[in-house]
Amino acid sequence: MTKKEKDKLTAFEKATCKINVASSPHLADSAMTTRSMMIDVLISLLPVILVSVYVFHWYAVKQLLICIASCLAAEALFTRMRNKPFSLLDYSAVITGVIIALSIPGTAPWFVSVIASFVGIGIGKSVFGGIGMNIFNPAMVGRAFVMIAFAGYMGASGYQNAGSLVDAITQATPMDLFKQSGVVPSLSVLFWGVTNGSLGETSAIACIIGGVYLCIRRTASWEIPLGVILTVAVLGGIQNIVSPDSGWTVLHHLFGGALLFGAFFIATDPVTSPLTPKGKFIFGAGVGAIIMLLRLFSGYPEGVMFAVLLMNALTPLINRWNVPKPLGEY
Amino acid sequence: MRLGLKGFAGGGTFAHGVHPPGRKHYSSDAQIEVVPAPETLLLPLQQNIGAPSKPIVKARQDVLYGDVVAKSGGFVSVPLHSPVSGKVKKSAVTTLPTGLHIEAIVIKAEENQTAGNDFYADLTGADWPKNGIGEYDPNKIAEAINNAGIVGLGGATFPTHVKFMPNDKKPVHTLLVNGCECEPYLTSDYRLMLEAPAAIITGALLAGHALGARDIVINVEDNKMDAVDALRQAAQDTIIRIAVLKTKYPQGSEKHLILALTKHEVPLGGLPSDVGMAVSNVGTIAAVAMALIKDKPLTHRVVSVTGGGVARPANLLAPIGISCGELIEFCGGLNENASRMIAGGPMMGFPFIDLETPVTKGTSGLTILTEEDVQKAEETSCVHCGRCVDVCPMRLVPTKIALAGRHKDLELARRYNIMACFECGCCAYICPAGIPLVQLIRAGKVLIAAMNKP
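Just so you know, these numbers come straight off a predicted model, no measurement behind them.

K.L.:
So what about the sheet that holds strand β14 (residues 314-319) of chain B? Which residues, and what values?
P.N.:
Residue and element names in this part refer to chain B. Taken in spatial order, the six strands of this open sheet run β1-β14-β13-β17-β15-β16, and their pairing is mixed. The strands lining the two open edges of the sheet, one partner per strand, are β1 (32-34) and β16 (350-352). Strand after strand, the sheet turns through a mean of 30° between neighbouring axes, direction not considered. The sheet contacts of helix α4 (residues 188-195) involve β1, β13 (300-306) and β14, and relative to β13 the element is tilted by about 125°.

What follows is the structure, encoded as C-alpha cells:
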C-alpha cells in the first residue's frame, strides 16, 4: 500500500490494518517473566552476600567478582560456539556465578573459581542446550569438578589460612572441627554465622531470610526446602536418640554446614528439580536423606553438593512417577 | 440428597486457577441496547455442537420473523429461525472465528423491523410467572426447548434440550444456573441478570421442573453483587437459591462450578449428570423462559462489545446473523490503537480479522484489545518453574503436554492426559517464559484426533 492510498483510508480502515490474530489466551500476566524470577533470586541472595562480605571481607568480594565475570564469559563463549541466541540478559549465568562463589572457600585461589565457573556453565549447562535444558545444577557441577581436581584447596585444610587477618579464616570450619576432634560449636555462632566455612553457608539467619522471601514469592517452591529440613530434622533426631552424648543436636545439623544454603538456594533450582508439588517434596526429602547419610556414615563432613547432584539425576524419574491425577479421575 | 447451601461444601472456590484483571468496567454500566436489524443477515448452518442444521428454505422465498429456516440435523442438533422478516437470498459460505468453513443462509431484511424491540420488551418485562410451572409436562418443555433452537449460550453451544430431557438412568437432582461469567471483559450475562432477573427465575423453574430437580441454585461470582441482589429479589417465594462464589478464573467451567459449590468432582470424560447435576448458563435459561412463556425462538442474544479498542463499549441485544463489523460500527467503530478482535473473552475467545463474520448463538461478546493489552514478552526457554502446574485447574502438567505437542510425541501426551485439557489458558497466562502452551496442546490434540480417525 502506498502512502497516498494509506491517507485515503478512513479511521476505521486504518485501525483494521493493524489487527492481528494469535491463539488464546490473549492476555498474559505481565508481572511474570523468567528474568523477573532470576532477579528475585538475586534479591533473595543479598542477605547471604552481605553476611559473607561482613565475615570474610575482600575474600568474599574477590570470589564473587571472579565467579560472576567467569560465568558471564563462559556463557557468552559457549552460546557463541553453539550459535545460540545471546542469553546473558536473563541473569541465569550471574546466579550460577554467585552460587559458585558462595559455595567455595574464600581462600581458594582465583584459578579454582575460574575453572569451577567454566566447567559449571560449559559442561553443566551449555552442552545440554543452555538454560532450561540441563539435567544437573550447573553451579554444583562446577564445584564438584574443582572439589575433585583441587582437593587440597577445597578440602578441610583449604578453608584455613593461618596468616589471614580475617579471624574466621584462621579457624577450622565447625563441621571439620567436630569431625576431627569432637568439638561442638555454640548454636549462636552457627545461627549468626561468624565462623569459617564456604562463603555463603555460615549464617543460618541470612539463608532463612532470603529463603523465606523466595518461597513467599513462589520463585522457589517451599516443598523442596521443607522436604530437606524435615528429613534432616527427623534423621538427626533419630541419631540423637541413638547416641545422645555427642552433643551435636538436631539444630546443629540444621544450622551447620551448607544445609540451609543448599536447601533454599541450590536444591530449589527449578530447572533440575521436579515439576509437581509432590515430586518436589520427594526431591527435597531425598536431598535431606543423602546429606544425613554422608554426614553420619562417611568420612566426608559435608554432603549437600553430592546430595543435590544425585537427586538431580533422579528428577526425570520422580517426574515420571508423579504424573498427577487429573480432576475427576479416581 | 439435598444441597445444604449455607456455607456450601465446596467453599465457593476451587484449587488452582488464576486471577486475570477483570476489566468489566468498560461495559458493566452500559444498559442493554437493541441493535436495529441490518439489511442482510448471515445464518451459518452450524451454530451448535453436533450435527449441522439442514436448510429448508430456497432462494427468493419470503420468510417471516420466527420462521424455521433450517431444521434440526439430528438428535444433538437444533433448528434455526429467522430473526427478521424478509427474503432469502442465494446461500453463501462463511468462515467462523473458530476456523470452521460453513454454508450460511442469507436473508435480506425488510425495512422497519420491530422484532428486536419486542424481544427486549418481553425479556425485561414484568409479567413472568413464578407459580403454576408444575403444570407443564416435562417432556413438552424439552420439546419446546428443541423447537426454539436453544443451545448453550455461554459459548459451548451444546443443544439444551438434550441436557434438560428427563433422564431415568442418570437422574438429576440439582440444576445449577451459571452466572459466573469469569472471562475478563465480558458483561452480557451480568447485564442480563440485572435487567431480566424475572425471566431467569421463570426459566430456571421451568428447566428445574423438566429435570425433576429438587434444588435450583443460581451461581454468581462475588464481583457482581448487584446481580446477586436483583436475582434474590426476583427469586422470593421460590425454591431457587443464589450462591455467591469467589471470583476466580475459570469458575464458569461447569466442572469447576460444581466443585466450588458441592466439592463433587465430575468424572474425567463424564458429564455433570454423572453426579446428578445439570449446569446451564443464565442466558440459556432466559432463552428457555422466552421460548415457553413468550413463544419466542432463539433469534436474538445479548452480546458485549467491549475493550479499550472500541469507541463506545456496550451491551447489545443483537439479532443472530448480524455481522461483527456492524456491531462494532454501532459502538462507534474501532479506536486507533485496536490490535486484536476476539469473538468471546480474552482467555478462551477466538480471534478474527473478517468484519463480515456473523454473530452466532455462541457469541457471548466481542472483545477488542489494544496494542498494549496484547504485548507479549518474547518466548524464552522453559525453566521448569512449575507455575503452570500450580495454576492448572484440571491438575495437569501443561509444560509436559505442550512439549509432547511440540515434538509430536503422542505417547508422552497421553501419559500426561492431554485430552483432559479444556484449553482454559491459565497455564499460558501465567507462564513466565511466554510459551504458547495452549496452542501447542491444541496441536497435540489435533494430532491425536487425526490418529484416531479410521
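K.L.:
Mind laying out the pattern of salt bridges, listing which residues take part and the relevant values?
P.N.:
Evaluation of the coordinates by the stated rule reveals 18 salt bridges over all chains. Across the pair A:Lys125 and A:Glu75 runs a salt bridge, and its minimum N-O distance is 3.1 Å. You can see A:Lys125 sitting in the loop between α6 (110-122) and α7 (138-149) and its partner A:Glu75 sitting in helix α4 (residues 58-81), a full 50 residues away along the chain. On the basis of relative accessibility, which here comes to 3%, the residue A:Lys125 falls in the buried class. Two residues, B:Glu221 and B:Lys224, come together in a salt bridge whose shortest N-O distance is 3.3 Å. The burial state of B:Glu221 is the same as that of B:Lys224; both residues are buried. Because the salt bridges share partners, they merge into one network encompassing A:Arg218, A:Glu223 and B:Asp390.

K.L.:
A description of the confidence of the model for chain B should follow, citing residues and the corresponding values.
P.N.:
Mean pLDDT over chain B stands at 93; residues scoring 70 or higher make up 99%. Model confidence for the complex: the whole-complex pTM is 0.91, and ipTM, which rates the interface, is 0.87.

K.L.:
Quick one: what's the story with the side chain of B:Ser273, residue by residue and with numbers?
P.N.:
All names here are of chain B. Relative to the elements of secondary structure, Ser 273 occurs in the loop between α7 (254-262) and β12 (277-281). Residue Ser 273 is classed as buried on the basis of its relative accessible area of 18%. For Ser 273, the contacting residues outside a window of four places in its chain are Lys 170 and Val 172.

K.L.:
Tell me what's going on with the packing of aromatic side chains, and back it up with residues and numbers.
P.N.:
For the coordinates displayed, the defined rule picks out 10 aromatic pairs over all chains. Ring geometry for A:Trp58 and A:Tyr59: centres 4.5 Å apart, planes at 15°, overall stacked. Classification of A:Trp58 by relative accessible area gives exposed; the value is 53%. For A:Tyr59, a relative accessible area of 8% gives the class buried. Judged by centre distance (5.6 Å) and plane angle (65°), the rings of A:Phe111 and A:Phe150 are edge-to-face. Of this pair, A:Phe111 sits in helix α6 while A:Phe150 sits in the loop between α7 and α8 (151-154); the two residues are 39 residues apart in sequence, bridging distant segments of the chain. A:Phe111 sits in the partly exposed class, given a relative accessible area of 27%. Ring pairing ties together the aromatic residues A:Trp110, A:Phe111, A:Phe150 and A:Tyr153, which thus form one cluster. One Lys or Arg, B:Lys248, reaches over the ring of B:Phe14 and ends 4.9 Å from the middle of that ring. Positioned above the aromatic ring of B:Trp128 is the side chain of B:Lys294, whose terminal nitrogen or guanidinium carbon lies 4.8 Å from the ring centre.

K.L.:
Quick one: what's the story with the pairing of strand β15 (residues 338-343) of chain B, residue by residue and with numbers?
P.N.:
All names here are of chain B. Summarising burial for β15: six of the six residues are buried, a large majority. Across five bridges, the pairing between β15 and strand β17 (residues 365-370) is antiparallel. For Ala 343, the partnering residue across the bridge sits in β17 and is Leu 366. Looking at chain direction, β15 and β16 are connected through three bridges and run antiparallel. The partner of Ala 343 across the bridge, within β16, is Phe 350.

K.L.:
Before we move on, can you summarise the interface of chain B and chain A with the specific residues and values?
P.N.:
Between chain B and chain A, the contact holds 67 residues from the first and 42 residues from the second. A combined buried area of about 4,700 Å² lies between chain B and chain A, and 59% of that area is made up of carbon and sulfur atoms. Three residues stand out in chain B for area buried against chain A, namely B:Val383, B:His384 and B:Arg387, and they jointly supply 14% of the buried area on that side. As a salt-bridge pair, A:Arg218 and B:Asp390 come within 2.6 Å of each other at their nearest N and O atoms. Of all elements in the fold, only α7, β15, β16, α10 (371-374), α11 (387-391), α12 (398-406), α14 (426-430) and α15 (437-452) of chain B reach the threshold of two or more residues within the side of chain B that touches chain A.

K.L.:
Summarise a nonpolar patch on the surface; cite the residues concerned and give the values.
P.N.:
All names here are of chain A. Together, Ile 123, Val 127, Phe 128, Met 133 and Ile 135 line one region of the surface with nonpolar side chains, adding up to about 460 Å² of accessible area. Within the secondary structure layout, Ile 135 lies in the loop between α6 and α7. On the basis of relative accessible area, Ile 135 is assigned to the partly exposed category, the value being 36%.

K.L.:
Can you lay out the packing of helix α3 (residues 34-56) of chain A against helix α11 (residues 204-216) of chain A for me, pointing to particular residues and giving the numbers?
P.N.:
Residue and element names in this part refer to chain A. Where α3 contacts α11, the axes come no closer than 8 Å and their chain directions differ by 170°. Relative to α11, the element α3 is oriented roughly antiparallel. Contact residues: α3 offers Asp 40, Val 41, Ile 43, Ser 44, Pro 47, Val 48 and Val 51, while α11 offers Ala 206, Cys 207, Ile 209, Gly 210, Tyr 213 and Leu 214. Counted by class, the contact of α3 with α11 contains 10 nonpolar, two polar and one charged residues.

K.L.:
Describe the packing of helix α5 (residues 197-211) of chain B against helix α8 (residues 282-293) of chain B, listing the residues and the values that go with them.
P.N.:
Think of two packed helices as two axes; the pair is described by the angle between the axes and how far apart they sit. Residue and element names in this part refer to chain B. Running from amino to carboxyl end, α5 crosses α8 at an angle of 80°, the nearest separation of the two axes being 7 Å. Viewed along their axes, α5 and α8 adopt a mutual orientation that is roughly perpendicular. Counting all contacts with α5, which are made through Ala 199, Ile 200, Thr 202, Gly 203, Ala 204, Leu 206 and Ala 207, the residues of α8 involved are Val 282, Ile 285, Ala 286, Val 288, Ala 289, Leu 292 and Ile 293. Looking at side-chain class alone, the contact of α5 with α8 contains 12 nonpolar, two polar and no charged residues.

K.L.:
Residues and numbers for the environment of A:Val114, please.
P.N.:
Residue and element names in this part refer to chain A. Checked against the element boundaries, Val 114 lands in helix α6. Take Val 114: its relative accessible area is 22%, and that puts it in the partly exposed class. Between the C-alpha atom of Val 114 and that of Ser 203, which follows or precedes it by 89 residues, the distance is 25 Å. The residues contacting Val 114, other than those within four sequence positions of it, are Ile 66 and Ser 70.

K.L.:
Describe in detail α5(B), supporting the description with residues and values.
P.N.:
In an α-helix, one turn spans 3.6 residues; hence positions three or four apart end up facing the same way. All names here are of chain B. Here α5 contains 15 residues, and its C-alpha end-to-end distance of 21 Å stays within 8% of the 21 Å for a straight helix at 1.5 Å per residue. Most of α5 is tucked away: 13 of the 15 residues are buried. A positive phi of about 75° marks Gly 212, the residue just after α5.

K.L.:
Before we move on, can you summarise the nonpolar core with the specific residues and values?
P.N.:
Within the largest apolar cluster, 92 residues are counted, with the highest numbers of intra-cluster contacts made by B:Ile218 and B:Leu327. With 77 residues, the next largest nonpolar core counts A:Val41, A:Ala74, A:Val119 and A:Val304 among its residues.

K.L.:
Please set out α6(A) residue by residue, giving values where relevant.
P.N.:
All names here are of chain A. For α6, spanning 13 residues, the distance from its first C-alpha to its last is 18 Å, which sits close to the expected 18 Å at 1.5 Å a residue. Among the residues of α6, those classed as buried are Val 112, Ser 113, Ala 116, Ser 117, Val 119, Gly 120, Ile 121 and Gly 122. Check the buried side of α6 and you find it contacts α4, α5 (92-102), α7 and α8.

K.L.:
Give a detailed account of the environment of A:His26, specifying residues and quantitative values.
P.N.:
Mapped onto the fold, A:His26 is located in the loop between α2 (11-17) and α3. In this view, A:His26 contacts B:Arg340, B:Ile342, B:Gly345, B:Pro346, B:Gly349, B:Pro351, B:Leu369, B:Asp373 and B:Val374; residues no more than four positions away in its chain are not counted. Among the polar contacts listed, one links the side chain of A:His26 to the backbone oxygen of B:Gly349, at a separation of 3.1 Å.

K.L.:
Which residues make up the environment of A:Ser24, and what are the values?
P.N.:
Among the secondary structure elements, A:Ser24 is positioned in the loop between α2 and α3. Along the primary structure A:Ser24 and A:Phe265 are separated by 241 residues, whereas in three dimensions their C-alpha atoms are 35 Å apart. Setting aside chain neighbours within four positions, we find A:Ser24 in contact with B:Met347, B:Met348, B:Gly349, B:Val438 and B:Arg442. One polar contact links A:Ser24 to B:Arg442, side chain to side chain, over a distance of 2.7 Å.

Cut-offs used in this document
As a convention, each chain's residues are numbered from 1 in the sequence order in which they are written. To read the labels, note that chains go from A and ligands from 1, taken in the order they are written. Confidence filtering applies because this is a predicted model: local features only for residues at pLDDT of at least 70, side-chain atom pairs given and counted only at 80 or more, and all residues used for totals across whole chains, interfaces and linings. To obtain the side-chain values, all non-hydrogen atoms of the structure were used and water was disregarded. We call two strands paired when DSSP finds no fewer than two bridges between them. Starting at the N terminus, helices and strands are each numbered in turn, a helix being any DSSP run of H or I of at least four residues and a strand any DSSP run of E of at least two. Lines fitted to the C-alpha atoms define the axes, with helices restricted to the stretch that makes contact. Angles between their N-to-C directions range from 0 to 180 degrees. Here a residue-residue contact requires only that any non-hydrogen atoms of the pair lie within 4.5 Å. A side-chain nitrogen of Lys or Arg and a carboxyl oxygen of Asp or Glu constitute a salt bridge if their distance falls within 4 Å. Classification of residues uses two cut-offs on accessible area relative to the type maximum, computed with a 1.4 Å probe and protein chains only: under 20% is buried, over 50% is exposed, and between them is partly exposed. pLDDT measures the predictor's confidence residue by residue and takes values from 0 up to 100. The pairing test for Phe, Tyr and Trp rings, Trp by its six-membered ring, is centres within 6.5 Å, and the orientation test on the planes gives stacked under 30 degrees, edge-to-face over 60, and tilted for anything in between. Only lysine NZ and arginine CZ atoms are considered, and such an atom sits over a ring when it is within 6 Å of the ring centre and within 35 degrees of the ring normal. Defined in terms of a 1.4 Å probe, buried area is the accessible area two parts forfeit on being brought together, summed over both. Surface patches are defined over residues having more than 30% relative accessible area and no salt bridge, joining like charges when they lie within 9 Å and nonpolar side chains (Val, Leu, Ile, Met, Phe, Trp, Tyr) when within 5 Å. Only the protein chains shown count as cover for residues, with accessible areas throughout obtained via the Shrake-Rupley method and a probe of 1.4 Å. Working rule for angles: under 35 degrees goes down as roughly parallel, over 145 as roughly antiparallel, 65 to 115 as roughly perpendicular, anything else as oblique. We call Asp, Glu, Lys and Arg charged. Ala, Val, Leu, Ile, Met, Phe, Trp, Tyr, Cys and Pro are nonpolar, and the rest, Gly among them, are polar. By definition here, a helix of n residues has an expected span of 1.5 Å times n minus one. Here, the term nonpolar core denotes a set of buried Ala, Val, Leu, Ile, Met, Phe, Trp, Tyr and Cys residues that are joined through side-chain atoms within 4.5 Å. Two N or O atoms form a polar contact when they lie within 3.5 Å of each other; inside protein one atom must be a possible hydrogen donor and the other a possible acceptor, and for residues adjacent in sequence the pair counts only when both atoms belong to side chains.

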